[in-house]
Amino acid sequence: MSYLKFEKALMTNLEEALPKELLRTNRSGAYSCSSIVDCNTRKYHGLLVVPVPNLDDDNHVLLSSLDVTVIQHGAEFNLGLHKYQGDNFSPKGHKYIREFDCDKVPTTLYRVGGVILKKEVVFQHYEDRILIRYTLEDAHSATTLRFRPFLAFRSVRQFTHENSVASRDYSPVDNGIKTCMYAGYPDLYMQFSKKNGFVFQPDWYRGIEYPKEQQRGYASNEDLYVPGYFEMNIRKGESVVFSAAVSEIKTTGLKKLFQAEVDERTPRDNFFHCLVNAAHQFRIHEKNDDRYILAGYPWFKSRARDTFISLPGLTLSIEEDDYYDLVMQTASVALREFMEGKPVSKKIYEIEKPDVPLWAVWCIQQYARECGRQQCFDKYGQLLMEIMRYIENSKHPNLDLQENGLLYASGGKEEPITWMNSASNGRPVVPRNGYIVEFNALWYNALMFTASIARDRKDDKYADHLEEIAAKCKQSFLETFLNEYGYLYDYVDGMMVDWSVRPNMIFPVAFDYSPLDQQQKKNIIDICTRELLTPKGLRSLSPKSGGYNPMYVGPQNQRDFAYHQGTAWPWLGGFYMEACLKLYKRTRLSFVERQMVGYEDEMFYHCLGTLPELFDGNPPFRGRGAISYTMNVAEVLRTLELLEKYTY
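Fair warning: this is a prediction, and the values are worked out from it, not measured in the lab.

Caption draft 1: Just the overall build of the protein chain, in detail. Broken down by element type, the protein chain carries 17 helices and 35 strands. The C-alpha atoms of the protein chain give a radius of gyration of 26 Å, which matches the 26 Å a tight globule of 648 residues would have. Projected onto the principal axes, the alpha-carbon positions of the protein chain cover approximately 85 × 50 × 45 Å. Across the 648 residues that make up the protein chain, the buried fraction comes to 63%. The contacts of the protein chain with a sequence gap of at least 6 include a subset with a gap of at least 24, amounting to 65%. Summed over all atoms, the accessible surface of the protein chain reaches about 24,300 Å², with 47% contributed by carbon and sulfur.

Structural data, given as structure tokens:
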């Protein structure tokens, strides 16, 4: 039986089916995304969503959807589904769905009377081309298929409405047409593997509504342009492949191309393989050979902090070390350019954040653990030393090494400088400034790790120097952050001490080198377990702390104030479980395995086969935010690897 499979009862129940989303990517920045019943519920949804660099830095929805109609004996059965204003759904094609399977490729089986039609979808790797294969499994009489494309040609952040500017022009191409609604956009090529007739019947479908945008407090409706329809006869047992792309293709090769893409896919037949597939979706391979890690779908870009935190889990934990090296080649160029005060030439955002070089060191440290210290030094030793000297010499504009060995971060009151980056009216919701607990935990870990590498290289003088700073850092860390109740302040800035119980204290427990002793680590794990742990990760704030706001719902401003005030984050749970395994060893294996069950449940909700950005901090812990989030997938993969190491 398939792992990701849903029967008729669920597929025909829109209350159950609409929240389940499906994501496919080409690993070059384009994607295809909708609900599992092919009803778009977000403005970010679309059958073909691609970057258009000559317009802006956003993705753009070219082809919103493709409705297929089965025609027999003059009777038409439209298998499409759209939501219109007033809670009206039309044409309600979901009622014909018999089952949905997402084992290797998304497959939907429709039954209309004696007709059984199978639809399979793949996104061609590294090309802006979506492929759909329709197979007539059964039919008792002559059958015709009609295909009606819904075009948007807009940014994912905007809507399109009926207008007189949109071009209605089209040109015939091999078994299809090409068209372009607005200047500056690429042509959209819609082609079939079989000869067909195109009927030019231009019209606007008005008032299509996106309920997810309504829930988020945004505008939620638009009009979509339909240029006409394609029509062809199909025999029992015959397959037809549809291609939508920004370049023309020779249609005689479409069937072979589709099958080749299917053969490349790894089945999503268990929890681990779902996460591996999700990990691959975050990869971006630019035409100039730059490699990036996307922070999440559908609206995030490649961000520096997210890249360094997630890279070990997305690559090393699944034995794909080569891709680690490819991403680091690109990221190291960007990091060096920033440290040298040069314009950053790579498409990595937020590289100026003060903890980015610290997470880069942690990322290199994970490579040393997986691939060996010698190989790590050969590849990344020079970069490691450059980062450490950059930090030690206080060259970062927002990071200053103090006499007490701690790092002081400035500017956190004016703008977010940590991963807790929500803002309202331009001001941080959680204004963390001064001595920040995870910054200094990262710093102590970086000092000791680099010292050990220097010691390996017989550079005892530099190792002694780093260990001297680390000794001061350790003493000051305990004096500054450890309070009388046995947990760590979140940040300290002069007389300002943040007593909030937050998850950032788990990092010094999880890192290989920690300023804390065993009892201090145990105390922190205990309080994290009592106040922060959920089945979906650690809460960003304890329910006992002031300002606890665990429900990430409502309009933007309301969500901003909940983002880091009690919501649960799986990637933090990864560090928590690493800390537990390091402290309690094999005695916590069954506990960690039970935590993994909470994440596996999510493979069947929200976006199939991946993990969303965050969860409500209170039961039933609903998934919220971005439908697929890099750091969550990465840390759960890293935890699964740790489980395996401690088990065997």
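Moving on from the model shown.
Caption draft 2: Representation of helix 16 (residues 589-600). Over its 12 residues, helix 16 extends 16 Å from the first C-alpha to the last, a length consistent with the 16 Å expected when each residue adds 1.5 Å. Along helix 16, the residues that are buried comprise Leu-589, Phe-591, Val-592, Gln-595, Met-596, Gly-598 and Tyr-599. Down the axis, helix 16 shows its buried residues gathered within 160° of arc, on one side only. For helix 16, the secondary structure elements touched by its buried residues are helix 5 (271-281), strand 30 (533-534), strand 31 (537-539), helix 15 (570-584) and helix 17 (630-647).

Caption draft 3: Spatial organisation of unusual backbone geometry. Geometrically, the link from Ser-90 to Pro-91 is a cis peptide bond, its omega value of 5° lying close to zero. For Pro-91, the position within the fold is in the loop between strand 8 (88-90) and strand 9 (97-101). With an omega of 5°, the peptide bond between Tyr-297 and Pro-298 qualifies as cis. One non-glycine residue, Lys-585, lies in the positive phi region at around 55°. Checked against the element boundaries, Lys-585 lands in the loop between helix 15 and helix 16. A positive phi angle, close to 60°, is found at His-606, a residue other than glycine.

Caption draft 4: Structural detail: the sheet that holds strand 14 (residues 170-173). With antiparallel pairing, 9 strands are arranged side by side in an open sheet as 1-9-10-11-12-19-16-15-14. In this open sheet, the two edge strands, each paired with only one partner strand, are strand 1 (5-7) and strand 14. Pairwise comparison of adjacent strand axes, ignoring direction, gives a mean angle of 15° for this sheet. Pairing geometry for strand 12 (residues 129-138) and strand 19 (residues 239-245), over 7 bridges, is antiparallel. Across the sheet, the residue bridging to Arg-129 is Ala-245, located in strand 19. In the packing of helix 4 (residues 254-264) onto the sheet, the strands contacted are strand 11 (115-123), strand 12, strand 16 (188-192) and strand 19, and the crossing angle to strand 12 comes to about 100°.

Caption draft 5: Fine view of helix 8 (residues 356-371). In a regular helix each residue adds 1.5 Å, so 16 residues correspond to 22 Å; helix 8 covers 22 Å between its end C-alpha atoms and thus fits that length. Among the 16 residues of helix 8, 14 are classified as buried, and the element is accordingly described as predominantly covered.

Caption draft 6: A look at the packing of helix 8 against helix 9 (residues 373-392). Running from amino to carboxyl end, helix 8 crosses helix 9 at an angle of 165°, the nearest separation of the two axes being 10 Å. Put simply, helix 8 runs roughly antiparallel to helix 9. As helix 8 runs across helix 9, the sense of the crossing is left-handed. Residues Pro-357, Leu-358, Ala-360, Val-361, Ile-364, Tyr-367, Ala-368 and Cys-371 of helix 8 form the contact with helix 9, whose participating residues are Arg-373, Gln-375, Cys-376, Lys-379, Tyr-380, Leu-383, Leu-384, Ile-387, Met-388 and Ile-391. Residue composition of the contact of helix 8 with helix 9, by class: 15 nonpolar, 1 polar and 2 charged.

Caption draft 7: Looking closely at the nonpolar core. Core analysis: the largest hydrophobic core is formed by 215 residues, its most contacted members being Trp-443, Phe-575 and Tyr-576. Ranked by residues supplied to this core, first place goes to helix 10 (residues 437-456) with 12 residues. Those residues within four positions of Phe-575 in sequence are excluded, and the remaining contacts are Ile-309, Trp-359, Trp-362, Ile-506, Phe-507, Ala-510, Phe-511, Glu-635 and Arg-638. One finds Val-122, Ile-249, Leu-254 and Phe-258 within the second-largest nonpolar core, a separate group that totals 9 residues.

Caption draft 8: Spatial organisation of the sheet that holds strand 27 (residues 435-436). Read from one edge to the other, the open sheet built from 3 strands follows the order 27-28-29, with strand pairing classed as antiparallel. Only two strands of the sheet have a single partner each, and these edge strands are strand 27 and strand 29 (496-497). Inspection of the sheet shows strand 28 (residues 491-493) paired to strand 29 by 2 bridges, in the antiparallel sense. Counted as the bridge partner of Asp-493 is Met-496 from strand 29.

Caption draft 9: Local environment of the state of the cysteines. Overall, the coordinates contain 0 disulfides when judged by the stated rule. The structure places no disulfide on Cys-33, whose sulfur is separated from the nearest cysteine sulfur, that of Cys-607, by 5.6 Å.

Caption draft 10: A look at the pairing of strand 13 (residues 143-155). Strand 13 sits mainly inside the fold: 13 of its 13 residues count as buried. As judged from the 10 bridges shared by strand 5 (residues 59-72) and strand 13, these two strands associate in the antiparallel manner. Within strand 13, the residue paired with Asp-67 across the bridge is Arg-148. As defined by bridge partners, strand 13 adjoins strand 18 (residues 221-234) across 6 bridges and the pair is classed as antiparallel. Residue pairing for strand 18: Leu-145 is matched across the bridge by Met-232.

Caption draft 11: Main features of the side chain of Asn-483. Checked against the element boundaries, Asn-483 lands in the loop between helix 11 (460-481) and strand 28. You can call Asn-483 buried: its relative accessible area is 7%. Excluding its chain neighbours within four sequence positions, the residues that come into contact with Asn-483 are Leu-488, Tyr-489 and Trp-499.

Caption draft 12: Focus on the packing of aromatic side chains. All chains considered together, the criterion is met by 43 aromatic pairs. Pairing Phe-159 with Tyr-210 gives two aromatic rings, centres 6.1 Å apart and planes at 15°, and the pair type is stacked. Taken together, the residues Phe-159 in the loop between strand 13 and strand 14 and Tyr-210 in the loop between strand 17 (197-209) and helix 3 (211-215) connect sequence positions 51 residues apart. With a centroid separation of 5.0 Å and 70° between ring planes, the pair formed by Phe-507 and Phe-575 is classed as edge-to-face. Within this pair, whereas Phe-507 is found in helix 12 (residues 507-510), its partner Phe-575 is found in helix 15, the two being separated by 68 residues in sequence. Residue classification places Phe-507 among the buried positions, given a relative accessible area of 0%. The ring centre of Phe-575 lies 5.1 Å from the NZ or CZ of Arg-638, which sits over that ring.

Caption draft 13: Structural context of the environment of Tyr-218. Within the secondary structure, Tyr-218 sits in the loop between helix 3 and strand 18. Here the alpha-carbon distance between Tyr-218 and Asn-13, two residues 205 residues apart in the chain, equals 26 Å. Discounting chain neighbours no more than four positions away, the residues touching Tyr-218 are Glu-213, Gln-556 and Arg-559. Among the polar contacts made by the side chain of Tyr-218, one reaches the side chain of Arg-559 at a distance of 3.3 Å.

Caption draft 14: The arrangement of the pattern of salt bridges in detail. All told, the structure shown has 47 salt bridges when counted by the stated rule. With its nearest N and O atoms 3.1 Å apart, the salt bridge here joins Glu-238 to Lys-194. In this pair, Glu-238 is assigned in the loop between strand 18 and strand 19 and Lys-194 in the loop between strand 16 and strand 17, connecting sequence segments 44 residues apart. On the accessibility criterion, Glu-238 (11% relative accessible area) is buried. Note that Arg-305 and Asp-355 form a salt bridge whose closest N and O atoms lie 2.8 Å from each other. Of this pair, Arg-305 sits in helix 6 (residues 304-315) while Asp-355 sits in the loop between helix 7 (321-339) and helix 8; the two residues are 50 residues apart in sequence, bridging distant segments of the chain. Here the salt bridges share partners, and the residues they tie into one network are Arg-369, Asp-512, Glu-578, Lys-582, Glu-635 and Arg-638.

Criteria and thresholds
Residues numbered from 1 in each chain as written. Predicted model: local features only at pLDDT ≥ 70, side-chain atom pairs only at ≥ 80, totals over all residues. Heavy atoms only, no water. Helix = DSSP H or I, 4+ residues; strand = E, 2+ residues; numbered from the N terminus. Rg over C-alpha atoms; globule rule 2.2 N^0.38 Å. Buried < 20%, exposed > 50% of the residue type's maximum accessible area, 1.4 Å probe, protein only. Contact = heavy atoms within 4.5 Å. Areas by Shrake-Rupley, 256 points an atom, 1.4 Å probe, with all protein chains shown as cover. Expected span 1.5 Å × (residues − 1). Arc of directions from axis to C-beta. Pairing = 2+ DSSP bridges. Axes fitted to C-alpha atoms, helices over the stretch in contact; angles between N-to-C directions. Parallel < 35°, antiparallel > 145°, perpendicular 65-115°, else oblique. Left-handed = near helix turned anticlockwise from the far one by under 90°. Nonpolar A, V, L, I, M, F, W, Y, C, P; charged D, E, K, R; others polar. Core = buried A, V, L, I, M, F, W, Y, C linked by side-chain atoms within 4.5 Å. Disulfide = S-S within 2.5 Å. Phe/Tyr/Trp six-rings, centres within 6.5 Å; stacked < 30°, edge-to-face > 60°. Lys NZ or Arg CZ within 6 Å of the ring centre and 35° of its normal. Polar contact = N/O pair within 3.5 Å; in protein donor to acceptor, adjacent residues only side chain to side chain. Salt bridge = Lys/Arg side-chain N within 4 Å of Asp/Glu carboxyl O.

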